[in-house]
Amino acid sequence: MQASPYTPGEIARLVPGRARQLADFDERLSYLVDLGRLIGRIRVDHAPRGLGKTSLLREYQRRAVSRGVITVWVTAGEGDLVAQIAAEIARVTATWSDTARRRVGARLESLTMRVGVPGIAGVDATVRSGQAGSDPAGSRDFEAVVRAAAAGDEHKGLVILIDEIQAADPEGLRTLAYAWQHLQAEGSDVPAAVYTAGLPNAADAVAAAVTFSERFAYRPLHTLQPVDEEFALVVPARELGVEWDRDALDEAVAIALGYPYVVQLIGDAAWFAAGRPDGGATITVGHVRAGRVAMEDDMDALFRARWANAAEGERDFMVAMAQISDGPVKRAEIASALHVTSESLSMPRARLIDKGFIQASDRGSLEFTIPGFAAFLRNLDRG
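Residues numbered from 1 in each chain as written. Predicted model: local features only at pLDDT ≥ 70, side-chain atom pairs only at ≥ 80, totals over all residues. Heavy atoms only, no water.

Visitor: Break down the overall build of the protein chain for me, citing the residues and quoting the values.
Guide: Within the protein chain, the secondary structure is distributed over 15 helices and 9 strands. Relative to the globule expectation of 21 Å for 383 residues, the C-alpha radius of gyration of the protein chain, 23 Å, shows essentially globular dimensions. With respect to the three principal axes, the spread of C-alpha positions in the protein chain is 65 × 60 × 35 Å. Residues classed as buried in the protein chain amount to 50% of the 383 residues present. Taking all contacts inside the protein chain whose residues are at least 6 apart in sequence as the whole, residues at least 24 apart take part in 77%. On the protein chain, the mean spot of the 42 positive side-chain charges and the mean spot of the 51 negative ones are 4 Å from each other. (Helix = DSSP H or I, 4+ residues; strand = E, 2+ residues; numbered from the N terminus. Rg over C-alpha atoms; globule rule 2.2 N^0.38 Å. Buried < 20%, exposed > 50% of the residue type's maximum accessible area, 1.4 Å probe, protein only. Contact = heavy atoms within 4.5 Å. Lys, Arg positive; Asp, Glu negative; His and termini not counted. Charge placed at Lys NZ, Arg CZ, Asp CG, Glu CD.)

Next comes the structure, spelled out in structure tokens:
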């Protein structure tokens, strides 16, 4: 018996279907490493939960480390953003040579004095706000920290990675944005970059904090194509000497509908249905169907968590969507089902998009972000 190579709910080892994003990152990374240049636009990969944003960000980190770049990883919302980044820079530079460590430490100390980051190792700071539209307190000091860290200690640059960017405090976002604007405007050769990931409302969160948010590079992540789903299923199994037959793959792809989390979930469930197979075994359509029954508890838990996290008006909105169709639904159709005007749906619509429960489709309609949720809602006992 072999442990499952699939990782539902964890960081995936493979990020199929993201070739364009990775090629772009590799090109920018070469620009940073080989030419010692700043990547001037802050990148924001955004998508609903479960589409592999964090896994993609971790792959960026692995590739940067492999090129000799130091990386700083933070999850926004766990403290003030500037304090989080400063504390992580202090941690990753703690083992540098005395000269390099003192250089960074002096800049961190200046930042500490400016914005009140206590002891720099903590992340519970309260950054003092500047005036709206003005250069925030500490942006120049934060810029100096970036310069010192990017200079490195036999390293080739700095990449800051921020997950859940939509949860960052507004002043922290402003400080980061202004510091990067200064670096851009001065045309200085600072080998540094910022890559972030967030929910679909990330652009709105940044825009609420930063007047020039259009200078960020927003890039949506979409569901996977069938060939990418097959890759995500076949490759991890093949590494352990196990194959998928054609019918099993077709069945799994039909279940997952391009949603990376469900791909991992059905792969994991089929693996256990096959008895955690040894090398030489084959996963069949029977294993997939048995696994689908077993994974219903996991999907039900996910759906119930979403339902519990929705307010009454949001629940009515989603139930109306589900009663109309499993696929894209026009806003006017939802309004008609609820006997209200389309304009009155703006608030619950925005909140559900912010939560990652629904998303705008290519046809100007709305759809659920995870397959099977509409069916769950139709069968839900609301009593």
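Visitor: So what's going on with helix 2 (residues 53-66)? Which residues, and what values?
Guide: Helix length check: helix 2 (14 residues) gives 20 Å between terminal C-alpha atoms against 20 Å at 1.5 Å per residue, within 8%. Those residues of helix 2 that fall on the buried side of the exposure criterion are Lys53, Ser55, Leu56, Leu57, Glu59, Tyr60, Gln61 and Ala64. For helix 2, the elements touching its buried residues are helix 1 (19-35), strand 1 (43-46), strand 2 (70-75), strand 3 (158-163) and strand 4 (192-198). Phi turns positive, to about 80°, at Gly68, one or two residues after helix 2. (Expected span 1.5 Å × (residues − 1).)

Visitor: Explain the pattern of salt bridges to me, and be specific about the residues and the numbers.
Guide: One pass over the full model with this rule turns up 23 salt bridges. A salt bridge links Arg37 to Asp189, with the shortest nitrogen-to-oxygen separation between them at 2.8 Å. Placement of Arg37 in the loop between helix 1 and strand 1 and of Asp189 in the loop between helix 6 (170-185) and strand 4 is noted, with a sequence separation of 152 residues between them. For Arg37, a relative accessible area of 31% puts it in the partly exposed group. One network of salt bridges, in which partners are shared, links Asp24, Arg28, Arg43 and Asp45. (Salt bridge = Lys/Arg side-chain N within 4 Å of Asp/Glu carboxyl O.)

Visitor: Pulling in residues and values, what's your account of the sheet that holds strand 2?
Guide: Taken in spatial order, the 5 strands line up as 2-3-4-1-5 in an open sheet, and their pairing is parallel. Only two strands of the sheet have a single neighbouring strand rather than two, namely strand 2 and strand 5 (217-220). Here the strands of the sheet are splayed against their neighbours by 20° on average, with no regard to which way each runs. Here strand 2 pairs with strand 3 via 6 bridges, running parallel. The residue bridging Trp73 from the neighbouring strand is Leu161, located in strand 3. Packing of helix 3 (residues 81-92) onto the sheet brings it into contact with strand 2 and strand 3, and relative to strand 2 it is tilted by some 140°. (Pairing = 2+ DSSP bridges. Axes fitted to C-alpha atoms, helices over the stretch in contact; angles between N-to-C directions.)

Visitor: Outline the packing of aromatic side chains, supporting the account with residue identities and numerical values.
Guide: As enumerated under the stated definition, the model contains 10 aromatic pairs in all. Judged by centre distance (5.3 Å) and plane angle (80°), the rings of Phe368 and Phe373 are edge-to-face. Considered together, Phe368 and Phe373 belong to a single accessibility category, that of buried residues. The lysine or arginine in question, Arg58, covers the ring of Trp73, its NZ or CZ lying 3.5 Å from the ring centre. (Phe/Tyr/Trp six-rings, centres within 6.5 Å; stacked < 30°, edge-to-face > 60°. Lys NZ or Arg CZ within 6 Å of the ring centre and 35° of its normal.)

Visitor: Can you lay out the confidence of the model for the protein chain for me, pointing to particular residues and giving the numbers?
Guide: A residue-level look at the protein chain finds 92% of positions with pLDDT of 70 or above and a mean pLDDT of 89. Segment residues 118-133: pLDDT under 50, and 40 contacts once partners within four positions in sequence are set aside and those in other chains are kept. (pLDDT = per-residue confidence, 0-100.)

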